[in-house]
Amino acid sequence: MIARQLSFLAPAVVMSAWATVMLHTIVSGHINRLLSPMFRSYVLVAAILLVLLSVLYLFLYEPAAETSTATLSPTGLLRQLGRWLVLLLPIVAASVLAPATFSSTTLQNRQIDSTAGALPMPTWNSTSQANAKNIIDSDPNQAVPVEVTDLITLSHSPDQMKAFDGRKVRLVGLFNNQSGSNPKLYRFIMWCCAADAQPASVALGGNTQGGWKNDQWLEVTGTVTFPSTLGHVAPYIDVESIKPAQEPDEPFLSP
Amino acid sequence: MTVFFADFDLPSTPVSTGIAWPDVALSFFAIVLEGAPFLLLGAIISGLVDVFLPANTIRNWLPKSKTQGVFAAMGAGLIFPLCECGAMPIVQRLIRKGVTPAVATTYMLAAPALNPLAMFSTYLAFRNQDPWLMIALRFGFSFLVLLFLGFWLVRLRPEEMLRAETITGSPRPAQEMSPNPGLVLAPRPGLSLGGVQQFTGAVIRDFTGVLLFLVIGAAAAALFSTGFNRNLLAPIGHDIFWGPLAGILLAQLLCLCSTTDAFIIAAFVPFSVPAKIAFLVAGPLIDLKLYWLYRSAFKPKFVHGLWIRALAATFLLTLLYSLHP
């Protein structure tokens, strides 16, 4: 009897659990850490549909007769239960355990400098360019707020690079300091979801002292230059000030 | 031979700098959250097909010849593009509705591979790196590999390809033919909602049936996409022989959607054009995640055969391109 009830309720429980996890992810804002904006509304629609399906299922169906459940699977109730648990437990566990962004371990596995050729970078759009121009026009000494990816995009455009070379900029990102190289400030770029996120970084020099930890969110203000090494141009920031920063609403940058 | 087996500095690059399990959880969560809505969409379309499209109608639409069917399936992949996750329940439904498994499977492979959105994203990703060449190579090589696979598929009998519960026209009870034999649907008596019941049952059965394989595939994809050190492939990515292999291997491990993969591989500066094309052709056809998704409908032996043939054909084509002067 209990087996029949469990077997009957399992689909509704699993679908409701997925819907709950999806809705919680949206309401809590965690979805910003998982999916690019384009895909977020799909999750909301899916959550609503799953709730509807759960209700419809309970309304339209009833526990199967003992004979049906007995003949349905050669491997028995335990295997059936296992199937439903595989659908239930990993998604709940992942929703609890998933951190805000990737750690430096994954950063290394995904190549911190891999995005040097990934153009066009997201974020350096007409709005951000107009914003930067307004700030420079009003006060050339004021720090221009930019993203890590903006500077990489600029480094591939000689005209824009020239306009920014030597400017004071302000940017927020995650700190990384490996032995044998300059400290870096990086962000992950997310095209569809966090699983495809790739790091993009700028090198830091000058006043970077402060005992900063890897993967700590920092706000850096400094002068940007675009030195060339063996023909490869990469942005470099001579840091004037550096301070801890709040994690941005969008920890990943998206197109 | 010295060209093929250059002196790479592989030992200094570890396969992984370690695995951060919370990062694996983040990757896994992102993959299933991205895939589940599309899987649900596929299940809903599958349910609509089940209720509103009689098997005879579908069969009448399709060419009688299997060879023509393969071309029709490839054309359908172009006209009705679907992502990998969304295609799976629809293909299973089409097979149960009597569409030749070879034709349905060709469509399943063609929908993400020849997807116009994938071509558009390729243009965007490579717009500073000869985008039209990349689109031509991606589309052309995908077409040729699909043709090769399609003509292999038409020679197979359905029972060689499909799991017992997926085979068309089985005389066994409908319950056993479902992709989710763990789900028992007993309609509540006295409700005059036959169509709604059939639709709801089909959607739930298809969604939960394929979702299981998406979860398993996403776990494998999350593990490798976060734990595998991509620097390992950098030294060989430009090699004539090893470059295409590196591209194929990376595609298998990263398990990206066909509309995203171009943005990722465009950033791999150490990879040659053939290596990047190998990545873009092989990935939408099969990877670690898709392997598990395909297992929801097909026999393991068939999936292994498909895997080997898809990757071998991709490798040969990209190697030939790599060798051209």
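What counts, and where the lines are drawn
Residues numbered from 1 in each chain as written. Chains lettered and ligands numbered in written order. Predicted model: local features only at pLDDT ≥ 70, side-chain atom pairs only at ≥ 80, totals over all residues. Heavy atoms only, no water. Helix = DSSP H or I, 4+ residues; strand = E, 2+ residues; numbered from the N terminus. Buried < 20%, exposed > 50% of the residue type's maximum accessible area, 1.4 Å probe, protein only. Contact = heavy atoms within 4.5 Å. Areas by Shrake-Rupley, 256 points an atom, 1.4 Å probe, with all protein chains shown as cover. Salt bridge = Lys/Arg side-chain N within 4 Å of Asp/Glu carboxyl O. Buried area = accessible area lost by both parts, 1.4 Å probe. Polar contact = N/O pair within 3.5 Å; in protein donor to acceptor, adjacent residues only side chain to side chain. Nonpolar A, V, L, I, M, F, W, Y, C, P; charged D, E, K, R; others polar. Pairing = 2+ DSSP bridges. Patch = residues over 30% accessible without salt bridge, like charges linked within 9 Å, V, L, I, M, F, W, Y side chains within 5 Å. Expected span 1.5 Å × (residues − 1). Phe/Tyr/Trp six-rings, centres within 6.5 Å; stacked < 30°, edge-to-face > 60°.

Explanation requested: the overall build of chain A in the structure shown.
Helix and strand counts for chain A come out as eight helices and 10 strands. Classification of the 255 residues of chain A by burial places 50% in the buried group. Of all intrachain contacts in chain A linking residues separated by at least 6 positions in sequence, the fraction that spans at least 24 positions is 73%. In the form shown here, chain A has an accessible surface area of approximately 11,400 Å², with 60% of it arising from carbon and sulfur atoms.

Just checking my understanding: could you explain the pattern of salt bridges for this structure?
Charged atoms that come close allow side chains of opposite charge to pair. Residues and elements named next belong to chain A. Counted by the stated rule, this structure contains 11 salt bridges over all chains. For K243, the salt bridge goes to E219, with nearest N and O atoms at 3.7 Å. On the criterion of sequence distance, the pair formed by K243 in strand 9 (residues 236-244) and E219 in strand 6 (residues 217-225) is long-range, its members being 24 residues apart. Given a relative accessible area of 45%, K243 falls into the partly exposed group.

Even after reading the chapter, I still don't get the interface of chain B and chain A, so can you show me in this structure?
It is common to give the size of an interface as the accessible area lost on bringing the parts into contact. Counting from both sides, the interface comprises 69 residues of chain B and, opposite them, 64 residues of chain A. Interface of chain B and chain A: buried area, both sides summed, is about 5,800 Å²; carbon and sulfur atoms make up 70% of it. It is L26, F29 and L33 of chain B in chain B that bury the most area against chain A; as a group they hold 12% of the surface buried on that side. Taken together, the connections running from chain B to chain A amount to zero salt bridges. The tally of links from chain B across to chain A stands at 12 residue pairs in polar contact (both at pLDDT 80 or more). The set of elements that each furnish at least two residues to the side of chain B that touches chain A consists of helix 1 (21-52), helix 6 (116-125), strand 1 (186-187), helix 9 (194-227) and helix 11 (261-266) of chain B. Top contributing element to the side of chain B that touches chain A by residue count: helix 1 of chain B, with 17 residues. Classifying every residue of the side of chain B that touches chain A gives 44 nonpolar, 20 polar and five charged. In terms of strand pairing, strand 1 (residues 61-62) of chain A meets strand 1 of chain B through two bridges, oriented antiparallel. Considered in strand 1 of chain B, the bridge of Y61 of chain A is made with P187 of chain B.

Whenever I open this one, unusual backbone geometry confuses me. Can you help?
Positive phi, normally seen in glycine, also occurs at D215 of chain A, with a value near 70°. Secondary-structure assignment places D215 of chain A in the loop between strand 5 (198-206) and strand 6. Using a relative accessible area of 26% as the deciding quantity, one classes D215 of chain A as partly exposed. A positive phi angle, close to 55°, is found at C255 of chain B, a residue other than glycine. You can call C255 of chain B buried: its relative accessible area is 6%.

Would you explain a nonpolar patch on the surface in this entry?
All names here are of chain A. Taken together, the side chains of L23, L44, I48, V51, L52 and V55 define a hydrophobic patch exposed on the protein surface, amounting to about 490 Å² of accessible area. For the nonpolar patch, the leading source of residues is helix 2 (residues 37-60), giving five residues. Structurally, L44 is set in helix 2. Exposure remark for L44: the relative accessible area of 37% places this residue in the partly exposed category.

Teacher, can you tell me more about helix 12 (residues 273-285) of chain B here?
Working note: α-helix, 3.6 residues per turn, so residues spaced by three or four point in the same direction. Residues and elements named next belong to chain B. Over its 13 residues, helix 12 extends 19 Å from the first C-alpha to the last, a length consistent with the 18 Å expected when each residue adds 1.5 Å. Within helix 12, 12 of the 13 residues are buried, leaving the element largely enclosed by the surrounding structure. Residues P274, A275, K276, I277, A278, F279, L280, V281, A282, G283, P284 and L285 constitute the buried set of helix 12.

Any chance you could explain the environment of I265 of chain B here in plain terms?
All names here are of chain B. Positionally, I265 belongs in helix 11. The sequence separation of I265 and M74 amounts to 191 residues, and the corresponding C-alpha distance is 25 Å. Once you skip the residues sitting within four places of it in the chain, I265 turns out to touch F126, L250, F271, K276, F279 and L280.

Honestly, the environment of I204 of chain B in this entry has me stumped. Any pointers?
Considering the arrangement of structural elements, one finds I204 of chain B in helix 9. Given the relative accessible area of 0%, I204 of chain B is considered buried. When the C-alpha positions of I204 of chain B and L82 of chain B are compared, they lie 20 Å apart, and in sequence the two are 122 residues distant. When sequence neighbours within four positions are dropped, the list of residues in contact with I204 of chain B reads P11, M15, L53 and Y57 of chain A together with L183 and G209 of chain B.

Sorry if this is basic, but what is going on with the packing of aromatic side chains here?
Between two aromatic rings, the relevant description is the distance of the centres plus the angle of the planes. Evaluation of the coordinates by the stated rule reveals 19 aromatic pairs over all chains. A centroid spacing of 5.4 Å and a plane angle of 5° characterise the contact between W152 of chain B and F302 of chain B, whose relative ring orientation is stacked. In this pair, W152 of chain B is assigned in helix 7 (residues 131-153) and F302 of chain B in helix 14 (residues 300-323), connecting sequence segments 150 residues apart. Of the two residues, W152 of chain B and F302 of chain B, neither departs from the other in class, the shared state being buried. Connected via pairs of aromatic rings, a cluster forms that spans F102, Y186, F188 and F252 of chain A.

Can you walk me through the pairing of strand 4 (residues 184-189) of chain A in this structure?
Residues and elements named next belong to chain A. Taking burial as the measure, the six residues of strand 4 include six buried ones, the bulk of the element. Relative to strand 4, strand 3 (residues 168-176) runs antiparallel, the two sharing three bridges. Note on strand 4: the bridge partner recorded for F175 is L185. Inspection of the sheet shows strand 4 paired to strand 5 by six bridges, in the antiparallel sense. Among the inter-strand pairings, I189 is bridged to a residue of strand 5, identified as Q198. Sheet analysis places strand 4 next to strand 10 (residues 252-253), joined by two bridges and oriented parallel. If you follow F188 over to strand 10, its bridge partner there is F252.

By themselves, these are just geometric observations and shouldn't be taken as functional.
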